[in-house]
Amino acid sequence: MVCTPVENSSNLPPTTSKANSQAGLVPLLLTVVELVRQLMEAQVIRRMEKECLSESELERAAESLQKLEEQVLNLCQIFEIDPADLNINLGDVGTLLPSPGSYYPGQPGTQPSVLELLDRLLNTGIVVDGEIDLGLAQINLIHAKLRLVLTSQPM
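Residues numbered from 1 in each chain as written. Predicted model: local features only at pLDDT ≥ 70, side-chain atom pairs only at ≥ 80, totals over all residues. Heavy atoms only, no water.

## Details of the overall build of the chain
If you tally the helices and strands in the chain, you get three helices and two strands. Per-residue burial over the chain gives 30% buried out of 155 residues. Taking all contacts inside the chain whose residues are at least 6 apart in sequence as the whole, residues at least 24 apart take part in 61%. (Helix = DSSP H or I, 4+ residues; strand = E, 2+ residues; numbered from the N terminus. Buried < 20%, exposed > 50% of the residue type's maximum accessible area, 1.4 Å probe, protein only. Contact = heavy atoms within 4.5 Å.)

Below is the structure:
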């Protein structure tokens with residue numbers, strides 16, 4: 001099990017365009033699902049290496065991750081989306097997902113991606129605290145105070 005973007009795209013028929021114009025928000029949704037899937041895969045790998053998962057838990061997790069990947073590929077086929085297009089290039093920040101075989105949890109990647117950053121943040125934990133004011137015509141209409149604790153460790 002290695003964190004890589006959808007690799008089995010060679011088994012799918014070729015797509016007619018980079019992002020099928022009829023697909024609407026599906027490519028964005030599939031991109032988010034693939035990012036979350038790979039984050040969960042990284043956490044399974046980390047816990048497996050720390051021997052925090054039983055054999056049955058590891059088998060269930062691996063089977064679930066495989067089924068989710070198959071569903072992503074199936075939806076890509078249905079909506080005629082090239083699975084490689086789910087990896088968004090964010091310019092100077094890098095790519096959203098690592099290139100195949102370039103990242104293994106706990107080891108620095110050759111070309112850091114947003115997924116690698118999020119995996120490291122989940123592993124160490126982070127607290128984000130802030131306030132947001134939303135308004136219209138210089139009138140504050142909504143005020144929100146946010147505190148987000150992001151970690152893969154039990155609290």
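Still more to cover.
## What to know about the confidence of the model for the chain
In this model, the chain carries an average pLDDT of 83, and 85% of its residues clear a pLDDT of 70 or more. Here helix α3 (residues 114-124) is the element of the chain with the lowest mean pLDDT, 89, and helix α2 (residues 55-78) is the one with the highest, 95. Every residue in residues 7-17 scores below 50 in pLDDT, and together they form 17 contacts with partners more than four places removed in sequence or on other chains. (pLDDT = per-residue confidence, 0-100.)

## Notes on the pattern of salt bridges
Scanning the model with the defined rule gives six salt bridges in all. The partner of Asp 119 in a salt bridge is Arg 46, with the nearest N and O atoms 2.9 Å apart. Remark: Arg 46 occurs in helix α1 (residues 26-49) and Asp 119 occurs in helix α3; sequence separation between them is 73 residues. Of the two residues examined, Asp 119 and Arg 46, each falls in the buried class. (Salt bridge = Lys/Arg side-chain N within 4 Å of Asp/Glu carboxyl O.)

## Examining the packing of α1 against α3
Two elements in contact, α1 and α3, have axes separated by 10 Å at closest approach and are oriented at 50°. Taken together, α1 and α3 sit at an angle that is classed as oblique. Seen from above, α1 lies across α3 with right-handed handedness. Contacts from Leu 35, Gln 38, Leu 39, Ala 42, Gln 43 and Arg 46 of α1 reach α3 at Leu 115, Leu 118, Asp 119, Leu 122 and Asn 123. In terms of residue class, the contact of α1 with α3 is built from six nonpolar, three polar and two charged. (Axes fitted to C-alpha atoms, helices over the stretch in contact; angles between N-to-C directions. Parallel < 35°, antiparallel > 145°, perpendicular 65-115°, else oblique. Left-handed = near helix turned anticlockwise from the far one by under 90°. Nonpolar A, V, L, I, M, F, W, Y, C, P; charged D, E, K, R; others polar.)

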